[in-house]
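Listed here are the chains, written in short residue letters.
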Amino acid sequence: MSLILNEVNYYYGKGTNLVSHAVKDVTLTIEDGEFIGIIGHTGSGKSTLIQHMNGLLKPTSGGVYYNGRDVHDGSFKLKELRSHVGIVFQYPEYQLFEATVFDDVCFGPKNQGLKDNEAGLVAFEALRDMHIPPEMYYQSPFELSGGQKRLVAIAGVLAMKPDMLILDEPTAGLDPRGRKEILNLLSRLNREKHITVVLVSHSMEDVAEYVNRLIVMDKGSIAFDATPKEVFAHYKELETMGLAAPKVTYFMHQLKEKGWQVDTSAITVEEAKKSILAAIRR
Amino acid sequence: MGIMKAAKLVHEYIHRDDDGNVDHIETALNGVDLDIEAGDFIAILGHNGSGKSTLAKHLNAILMPTEGTVWVDGKNTKAPENTLDIRKTAGMVFQNPDNQIIAGMVEEDVAFGPENMGVPSQEIWQRVMRSLNLVHMEAYKNHSPNKLSGGQKQRVAIAGVLAMQPKCIVLDEPTAMLDPEGRKEVMDAVLELNKTKQVTVILITHYMEEAIHADKVYVMDGGEIVMEGTAREIFARVQELENHRLSVPQITKLAHELKCSGLPIPDGILDEEELMEAICHLS
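Notes on the structure follow. (Residues numbered from 1 in each chain as written. Chains lettered and ligands numbered in written order. Predicted model: local features only at pLDDT ≥ 70, side-chain atom pairs only at ≥ 80, totals over all residues. Heavy atoms only, no water.)

1. Quick notes on the overall build of chain A
Reasoning step 1: In terms of helices and strands, chain A carries 11 helices and 10 strands.
Reasoning step 2: Against the globule reference of 19 Å for 282 residues, chain A gives a C-alpha radius of gyration of 20 Å, in line with a compact fold.
Reasoning step 3: Based on the C-alpha atoms only, the size of chain A along its principal axes is roughly 65 × 50 × 35 Å.
Reasoning step 4: A buried classification covers 54% of the 282 residues belonging to chain A.
Reasoning step 5: With an accessible surface of roughly 12,400 Å², chain A has 51% of that area assigned to carbon and sulfur atoms.
Reasoning step 6: For chain A, the distance from the average site of its 31 positive side-chain charges to the average site of its 36 negative ones is 3 Å. (Helix = DSSP H or I, 4+ residues; strand = E, 2+ residues; numbered from the N terminus. Rg over C-alpha atoms; globule rule 2.2 N^0.38 Å. Buried < 20%, exposed > 50% of the residue type's maximum accessible area, 1.4 Å probe, protein only. Areas by Shrake-Rupley, 256 points an atom, 1.4 Å probe, with all protein chains shown as cover. Lys, Arg positive; Asp, Glu negative; His and termini not counted. Charge placed at Lys NZ, Arg CZ, Asp CG, Glu CD.)

Shown next, in the form of structure tokens:
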């Protein structure tokens, strides 16, 4: 199972005098089971790019292939693609609408054609995976806290049993614990259920800690596509793109300049701690 | 009395069922005492649902106390005749820039506040230019706000508040929807206002890094103020903050972890420079 974007270009407003080339020549292969982060300045093309991944946008030129099949060749049902690739948009809690949490999560699977009892089963599983306590299942989603609403909204997409889950800034506006809870749950889905996760994020610290592969978008093109360590080694270039490395990485570079033998590729607090302790005890 | 003061402030949201009967009562603020000195930079931290935004709305007379009293610049928010003065004293900036920009051109948007206050038109344009200068957005005065980045829009929203020449500005998670560069632009603008114009700033945020410059930090949980002190005092209490669903800035966390591993590093390290000094001190 893989998703391939081949030389994808996308223009907004083609044929008008306000053309904007939002995605430029993007070629990308997403393999099964990856945990990928996408970072980029506002307007760098992140959101436009992810909308190609489940057929919400059709490339102006280039192709999108799911399991080797061209999703825009006419015979491929986009509804089927969307069952495989789920997108959780920014502030998904605004899309909750049913009278109870449980009904809301059942909406997706029912639309996929599942019978009530089958839809109920997958909804239960999705709610469990998102750690929603059972006493909330029959409450109105509007009575929950911001963080809980967001988990319910993610469960709604998860209940459609996607192989790949794309989330656009799922932690925006949440408190530090809420952010960590969501990221830990996504990480578990990835490890235990082998769901491919693509995380669009503005937090360098979060992607440094969680993802295996980091894609950096700049002005519609892919600027970097490598492990977080490799990407953050280019912190000076990232700054020219309105991005940065995690704070600890900068600190490690400063320590090195002062003559300490530390590992400047450290991108998390844990790595920085180990390297500093080793340098001091040397 | 400081420029903003709350005494035993209680706020209850009353939820009603379809027939209008009281279903349940939610206590969002439960006996908050607060005294903010003019010119201070105050940060208010707390998890989602801890009561921060409810408190902010009391500081600008959008909400009225269920019990207790709030004074803004010595005026009781409960008296209707004070409402306009209070809103002139305390300007408010919200989380979503798109919800607070109304005009088709940046300068018109900034002029909206003073126009409504009845400021003479010559002075309005002076205020608009001054406010845009303060947030470094003068080059965009003739632009359409919807073409701006999130950070730029938020700075226009701040300029719109500044044009009313408030003594205080209350910002409710102004950077939550912005990218790192936008966050920095907004924070730099806010800090500069506080330092150069002595505008009292009350910043509500989920980004711990943004609180390290504050003169005073309040932590809220369950509608109460549970911790208060300087940024250094607050961020020295790592475990306590985590119990309130919060965290500390990444460098503070690193310093704390190093200390827990046995290095003699002081509590409450706030930035790279301080940690560097502490580490260089070891050798």
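2. A look at the sheet that holds strand 9 (residues 216-221) of chain B
All names here are of chain B.
Reasoning step 1: Pairing is mixed across the open sheet formed by 6 strands, whose spatial order is 6-7-8-3-9-10. Edge positions in the sheet fall to strand 6 (90-93) and strand 10 (224-229), since each of these pairs with one other strand and no more. Looking at each pair of strands side by side, their axes are set apart by 20° on average, direction ignored.
Reasoning step 2: Two elements, strand 3 (residues 41-46) and strand 9, share 5 bridges in a ladder whose sense is parallel. Its bridge partner lying in strand 9, A43 is registered against V217.
Reasoning step 3: Of the strands in this sheet, strand 6 and strand 7 (168-172) touch helix 5 (residues 150-162), which is tilted by about 165° from strand 6. (Pairing = 2+ DSSP bridges. Axes fitted to C-alpha atoms, helices over the stretch in contact; angles between N-to-C directions. Contact = heavy atoms within 4.5 Å.)

3. Focus on the interface of chain A and chain B
Reasoning step 1: If you look at the interface, chain A gives 33 residues, while chain B gives 35 residues.
Reasoning step 2: For the chain A and chain B pair, buried surface summed over both sides reaches about 3,100 Å², with 62% attributable to carbon and sulfur atoms.
Reasoning step 3: At the junction of chain A with chain B, the criterion picks out 3 salt bridges.
Reasoning step 4: Residue E181(A) pairs with R245(B) through a salt bridge whose shortest N-O separation is 3.5 Å.
Reasoning step 5: Mapped onto the side of chain A that touches chain B, the elements with two or more residues apiece are helix 6 (176-192), helix 7 (204-210), helix 10 (247-257) and helix 11 (269-281) of chain A. (Buried area = accessible area lost by both parts, 1.4 Å probe. Salt bridge = Lys/Arg side-chain N within 4 Å of Asp/Glu carboxyl O.)

4. Quick word on the packing of aromatic side chains
All names here are of chain A.
Reasoning step 1: Enumeration over the complete set of coordinates arrives at 7 aromatic pairs over all chains.
Reasoning step 2: Between F97 and F107, the ring centres sit 5.0 Å apart and the planes meet at 90°, which makes this aromatic pair edge-to-face. Here F97 is found in the loop between strand 6 (85-88) and helix 3 (101-111), whereas its partner F107 is found in helix 3, with 10 residues between them in sequence.
Reasoning step 3: Here F97 falls in the partly exposed class, since its relative accessible area comes to 45%.
Reasoning step 4: Ring geometry for F102 against Y138: centres 5.6 Å apart, planes inclined by 45°, an arrangement best described as tilted. You can see F102 sitting in helix 3 and its partner Y138 sitting in the loop between helix 4 (116-129) and helix 5 (146-158), a full 36 residues away along the chain.
Reasoning step 5: For F102, a relative accessible area of 11% gives the class buried. (Phe/Tyr/Trp six-rings, centres within 6.5 Å; stacked < 30°, edge-to-face > 60°.)

5. A short note on helix 5 of chain B
Reasoning step 1: Across its 13 residues, helix 5 of chain B extends 18 Å between first and last C-alpha, which sits within 8% of the 18 Å expected from 1.5 Å per residue.
Reasoning step 2: Taken across its 13 residues, helix 5 of chain B has 13 buried, putting it largely inside the fold. (Expected span 1.5 Å × (residues − 1).)

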